[in-house]
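Coordinate analysis (summary)
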Amino acid sequence: MIAYGPDGTIYAADETGTSKPGQKLVLSGNAFQRSVNIWMAASTDGGKTFTAPQAIVTPRDRPWLKVDQSTGTVYTASTGNFNPKTKEYNIAGPDAPMDRWLMAWKPHLVGHSEPRRIGGPDFSGAGGSTMTAANGILAATFVLGGASPGAVASGTPQPIPASLRSVVKEGTTSCSMEAPCLFFETSADEGEHWTRRHVPVPGGFGTFLTYVAVDPGLQGRYAIGVMDRAATALRVLTT
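Here goes a summary of the coordinates provided. (Residues numbered from 1 in each chain as written. Predicted model: local features only at pLDDT ≥ 70, side-chain atom pairs only at ≥ 80, totals over all residues. Heavy atoms only, no water.)

Moving on: the state of the cysteines. Under the defined criterion, the tally for this structure stands at 1 disulfide. Here C175 connects covalently by a disulfide to C181, the sulfurs 2.1 Å from one another. Judged by the sign of its S-S torsion, about -105°, the bond between C175 and C181 is left-handed. We classify C181 as buried; its relative accessible area is 2%. (Disulfide = S-S within 2.5 Å. Buried < 20%, exposed > 50% of the residue type's maximum accessible area, 1.4 Å probe, protein only.)

Time to look at the pattern of salt bridges. As a working rule, side chains carrying opposite charge can pair if their charged atoms are close by. Under the criterion given, the structure shown has 5 salt bridges. E192 is paired through a salt bridge with R116; the nearest N and O atoms lie 3.7 Å apart. Here R116 lies in strand β8 (residues 116–117) and E192 lies in the loop between β13 (181–187) and β14 (195–198), a separation of 76 residues in the sequence. Classification of R116 by relative accessible area gives buried; the value is 18%. (Salt bridge = Lys/Arg side-chain N within 4 Å of Asp/Glu carboxyl O. Helix = DSSP H or I, 4+ residues; strand = E, 2+ residues; numbered from the N terminus.)

Below, the discussion takes up the side chain of S78. Mapped onto the secondary structure, S78 falls in strand β6 (residues 74–81). Exposure remark for S78: the relative accessible area of 1% places this residue in the buried category. Here the side chain of S78 touches P59 through a polar contact of 2.4 Å, landing on its backbone oxygen. Aside from chain neighbours lying at most four places away, what touches S78 is I38, T58, P59, R60, D61, R62, P63, D99, R100 and W101. (Polar contact = N/O pair within 3.5 Å; in protein donor to acceptor, adjacent residues only side chain to side chain. Contact = heavy atoms within 4.5 Å.)

A word on unusual backbone geometry. We note that R62 has phi near 55°; this positive angle belongs to a residue other than glycine. Secondary-structure assignment places R62 in strand β5 (residues 61–67). Relative accessible area serves as the criterion here: at 22%, R62 is assigned to the partly exposed category. One non-glycine residue, H108, adopts positive backbone phi at about 65°. Judged by relative accessible area, H108 falls into the partly exposed class, the value being 35%.

As C-alpha cells, this is what we get:
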C-alpha cells in the first residue's frame, strides 16, 4: 500500500514476517500466517529515506491505507478476529470479534489510535467494505447477508441486527445472499462513533465488494459503486 499526504509525505505499508537479528525488515509476506505483521513507514523527502517501520496492530487480512488530504490523518484498516484487551489477532474467541478493524494515525506517524471496529456491537462490518476520507470525515461501506469473512453466507435470511433496525428502509427485515443489505457510514471522530445509513439498491447487487469515493472539493458528496447481480456491470449511486 502507498499513499501521499497533503504535505507530500509518502506513507508505505505491507505485510511481513518477523526479521531475524541483524537482518533488514523486508516489506513482503503472506497475510494468512499468524506470525505476519503489517508495517508502515513515512518519508518526507520523496522516498529517499523512510522512518523506522511501525507495526499496525490489527488483523492481517485485506489491509488498506487512506489519507485525508485536508487534515493529514492516515487511516489503516484490515479484517480478522481481534481481541482489544490482549491485542491477539487472527484467533477466534468470544472476546475477539470478526470485523474490519481501523486505526487513525497522526501525520508523519507520530501517534495513533487504538484499533476500532468499522462494524457495530451486534454485527461485523467486514463484508464488502471499503473506505475513504476527506474534510475530516471518514466514510465506509459494508454489506450484510453476503459472502464475507465471519458472516453467514446462505440462502437463509438473517434478521437485521438490533442496532441497525432504526435505519433500515422500505420495510427491510432481513439480509441474505439473494437480498443483501448495503450500508454507508460516516464518522467525524476518526471511527470512534458512526452515523449509519441503509442504501437500497433497486434490482439487487453483487456482494463481493462495494466501493466508495469522496469528492474532496465538495463536502458531503460521495459515490458508491456496486456490481450488478450478474457481475457484468458496475452500478454507481451518488449523494
